[in-house]
Amino acid sequence: MYNVRVVAYLELRLVFIIYTCKYIVQSNPFVDGYQHVEMEGNVLGSVLWIANNCLVSCPVIFNISIREEHLMAEKMKLLIAAVTVVSLSVLAGGQAEAAEAAGVDPRGQVLAFSCASCHGTDGKSVSIIPSFYGKSPEYLETALMDFKSGKRYSTVMMRHAKGYTDEEIRLIAQYYGTVWQTNN
Amino acid sequence: MNQKISRRDFSKLLFAGAAGSALGLSALPGMGRAADRKRVVVVGGGFGGATAAKYLKKLDSSISVTLIEPKAVFYTCPFSNWVLGGLKTMEDIAQRYAVLKNRYKIDVVADTVVSIDALKSVVKLKSGKVFGYDRLIVSPGIDFSFEAINGYSRKAAEAQMPHAYEAGPQTVLLQKQLHAMKDGGKVIICPPDNPFRCPPGPYERASLIAHYLKEKKPKSKILILDAKDKFSKQGIFTKGWEKLYPGMIEWRGASTGGRVLKVDPAAMTVTTEFGDEKGDVVNVIPPQKAGKLAFDAGLVNSSGWCPVNPVSFESLIHPGVHVIGDACMAGAMPKSGFAASSQGKVTAAAIVRLFNGEVPAAPSLVNTCYSLIGPGYGVSVAAVYKLTAEGIVSIKGAGGLTPMDADDDQLSQEATFARGWYNNIAQDIWG
Ligand SMILES: Cc1cc2nc3c(=O)[nH]c(=O)nc-3n(C[C@H](O)[C@H](O)[C@H](O)COP(=O)(O)OP(=O)(O)OC[C@H]3O[C@@H](n4cnc5c(N)ncnc54)[C@H](O)[C@@H]3O)c2cc1C
């Protein structure tokens with residue numbers, strides 16, 4: 001369980017780094033006056049460092065520093081300061097991550113929240129669309145897997161279920177199969 | 001208000017962050033009040049904002065959440081076409097804030113945000129009130145580029161040629177005009193080019209106006225003058241029109257005489273490259289951009305929409321400000337109420353994790369848009385999204401359209417599920 005979460009986190013981070021770098025390199029408004037060569041050398045390296053260590057706020061820090069600082073040296077100073085901020089916060093984040101014991105799986109929660117837009121908050125439907133409320137994790141997992149394989153027919157669920165891995169389906173089923181036991 | 005940040009301010013910002021991190025808190029912004037309740041201000045009580053506010057409280061009731069929305073009653077655009085078709089009333093699409101206020105203990109403030117100071121982390125309201133925040137969520141919806149269409153204006157929309165692309169008085173005006181029209185009249189609908197709010201919206205509208213006309217004024221016609229050469233769910237819409245309203249709806253793409261060059265509201269004419277068309281009812285849907293506040297607060301880039309970090313929807317321009325819904329640039333996601341709500345949930349979850357010094361979970365985003373072609377004839381488009389190096393993309397092999405060869409049973413089930421969807425999403429957001 002812990003390993004799955006760590007891997008998911010690393011994957012997310014990798015994707016985010018590349019996304020951030022592409023965004024910053026493409027958005028010329030932020031880098032006007034600077035050569036792309038320079039961008040790809042020192043600065044991009046620093047961006048990588050920053051993005052690698054922080055998922056949020058650092059692209060923002062970086063954008064501001066580029067907009068506001070017209071001297072390379074100054075900019076590098078700021079980047080170093082930013083890197084310090086970032087590494088400290090990641091340390092703190094890492095500890096919190098380790099401390100996160102049982103409880104609700106955060107990824108499962110985010111995955112499951114999507115379903116509520118048609119099936120109601122916590123899976124409690126107020127319309128003809130089926131409710132998850134009171135259903136077991138096993139029941140929900142089987143239903144979703146059957147929609148995914150096409151074994152069970154549905155107008156729209158067959159299209160949705162194909163968007164999730166078996167592990168994600170398990171997390172969603174776990175969430176709705178237990179949330180009604182904890183929330184009134 | 002375009003934020004200008006001096007070097008000194010910037011260093012302050014950084015060091016405030018460093019101090020906070022050393023104490024084991026998350027990075028920027030709103031540092032240094034560890035013991036206090038965290039405060040989130042949400043601007044806009046529509047699909048994105050109201051969802052984010054509710055889910056923040058659901059995830060952590062100790063967070064103080066303020067929702068700022070000037071309207072006491074929010075009329076949803078979803079199902080406003082059903083009102084035009086005579087299948088729903090305005091009251092059916094009215095949403096209110098009592099449950100968010102009373103049950104979820106959200107501080108709902110009936111006011112308009114006039115400015116955002118992202119460095120000081122405060123918003124200013126029209127009334128002069130000021131609210132500080134640790135994180136700000138902005139979901140202001142869209143604004144219209146009236147000037148993009150020669151002869152069109154906000155005044156023309158309010159008097160002769162409604163856009164009805166914000167539900168409320170505009171929907172009522174368009175409905176009144178349809179009711180006043182003679183049998184044998186002509187309704188002209190002018191949809192904009194991409195990107196715009198609810199890509200299938202204008203075509204569902206044409207369908208449901210056709211339903212109304214078929215019942216009440218069967219000699220009437222609908223002409224769609226489109227700024228595009230193809231449109232959302234085109235195949236299934238066209239098929240539905242042929243089946244339910246044969247000969248009633250004519251669609252012209254941009255390069256076959258659909259492109260609108262100018263309009264004359266007094267004469268009720270629309271000029272295209274192929275000549276003038278006169279309508280009895282003219283529904284002009286102008287090109288769109290992020291809501292005005294996003295411009296005033298400097299949250300937009302040159303595209304007129306707001307770039308965001310796809311993990312937490314935090315602005316790539318102003319730290320601590322998250323932009324969701326139609327106003328943000330969310331990769332492959334369309335500008336829909338479903339998408340806005342999905343983004344609201346991801347953002348709420350990310351913010352709670354950040355407050356606790358944790359890395360947000362990888363986002364999971366979904367969209368399903370139902371369109372009604374006739375009362376028992378529904379179709380849908382669905383997608384599941386993931387974050388990749390290209391940003392938010394839809395997962396291949398999942399989602400997609402109602403099949404072209406769907407039988408009557410499936411189409412009627414989809415119409416039933418469309419009604420179910422509305423009730424459940426309204427409950428999930430405002431109930
Ligand atoms: C005809 C039509 C049909 C549609 N059908 C569907 C459908 O079937 N399914 C679907 O998913 N989507 C549909 N949509 C799209 C959907 O309406 C939008 O995508 C959705 O409303 C976007 O949510 P939002 O939170 O970005 O903006 P909105 O829902 O528009 O909310 C924005 C809110 O912010 C408030 N606001 C703005 N500025 C300020 C300020 N400065 N201070 C305080 N408050 C402010 C506004 O008053 C408003 O209430 C449809 C749209 C149209 C036009």
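Since the structure is predicted, the reported quantities are computational estimates derived from the model, not experimental observations. (Residues numbered from 1 in each chain as written. Chains lettered and ligands numbered in written order. Predicted model: local features only at pLDDT ≥ 70, side-chain atom pairs only at ≥ 80, totals over all residues. Heavy atoms only, no water.)

Colleague: I'm lost on the sheet that holds strand 8 (residues 130-132) of chain B in this one. Help?
Modeller: Within a sheet, neighbouring strands are paired by backbone hydrogen bonds and run either parallel or antiparallel to one another. All names here are of chain B. Taken in spatial order, the three strands line up as 6-7-8 in an open sheet, and their pairing is antiparallel. Each edge of the open sheet is held by one strand with a lone partner, namely strand 6 (113-117) and strand 8. For this sheet, the mean inter-axis angle between neighbouring strands, taken without regard to orientation, is 20°. Across three bridges, the pairing between strand 7 (residues 122-125) and strand 8 is antiparallel. Opposite valine 123, over in strand 8, you have phenylalanine 131 as the bridge partner. (Pairing = 2+ DSSP bridges. Helix = DSSP H or I, 4+ residues; strand = E, 2+ residues; numbered from the N terminus. Axes fitted to C-alpha atoms, helices over the stretch in contact; angles between N-to-C directions.)

Colleague: Quick question: what am I supposed to make of the packing of helix 2 (residues 47-59) of chain B against helix 10 (residues 337-355) of chain B here?
Modeller: Two packed helices can be described by the angle between their axes and the distance between those axes. Residue and element names in this part refer to chain B. Here helix 2 crosses helix 10 at 35°, and the two axes come no closer than 7 Å. Between helix 2 and helix 10 lies a crossing whose hand is right-handed. Contact with helix 2, carried on its side by Phe47, Gly48, Thr51, Ala52, Tyr55, Leu56 and Leu59, involves Gly337, Ala340, Ser341, Gly344, Lys345, Ala348, Ala349, Ile351 and Val352 of helix 10 and no other residues of that element. Looking at the contact of helix 2 with helix 10 residue by residue, the classes come out as ten nonpolar, five polar and one charged. (Left-handed = near helix turned anticlockwise from the far one by under 90°. Contact = heavy atoms within 4.5 Å. Nonpolar A, V, L, I, M, F, W, Y, C, P; charged D, E, K, R; others polar.)

Colleague: Before we go on, may I ask you to explain the packing of aromatic side chains in this structure?
Modeller: Between two aromatic rings, the relevant description is the distance of the centres plus the angle of the planes. Enumeration over the complete set of coordinates arrives at 20 aromatic pairs over all chains. For the ring pair phenylalanine 47 of chain B and phenylalanine 74 of chain B, a centre distance of 6.2 Å and an interplane angle of 65° mean the geometry is edge-to-face. A residue pair is termed long-range when its members are at least 10 positions apart, and phenylalanine 47 of chain B in helix 2 and phenylalanine 74 of chain B in strand 3 (residues 74-75) qualify at 27 residues. Residue phenylalanine 47 of chain B is classed as buried on the basis of its relative accessible area of 9%. Residue classification places phenylalanine 74 of chain B among the buried positions, given a relative accessible area of 12%. Pairing tyrosine 203 of chain B with phenylalanine 231 of chain B gives two aromatic rings, centres 3.9 Å apart and planes at 15°, and the pair type is stacked. Linking tyrosine 203 of chain B in helix 7 (residues 201-216) with phenylalanine 231 of chain B in the loop between strand 12 (221-225) and helix 8 (234-244), this pair joins segments that are 28 residues apart in sequence. Note on tyrosine 203 of chain B: relative accessible area 0%, which makes it buried. Feature note: the residues Phe113, Phe132, Tyr175 and Tyr176 of chain A together with Tyr55 of chain B constitute an aromatic cluster, connected by ring pairs. Just above the ring of phenylalanine 295 of chain B sits the side chain of lysine 289 of chain B; from NZ or CZ to the centre is 5.7 Å. When the ring centre of tryptophan 305 of chain B is taken as reference, the NZ or CZ atom of lysine 335 of chain B above it lies at 4.0 Å. (Phe/Tyr/Trp six-rings, centres within 6.5 Å; stacked < 30°, edge-to-face > 60°. Buried < 20%, exposed > 50% of the residue type's maximum accessible area, 1.4 Å probe, protein only. Lys NZ or Arg CZ within 6 Å of the ring centre and 35° of its normal.)

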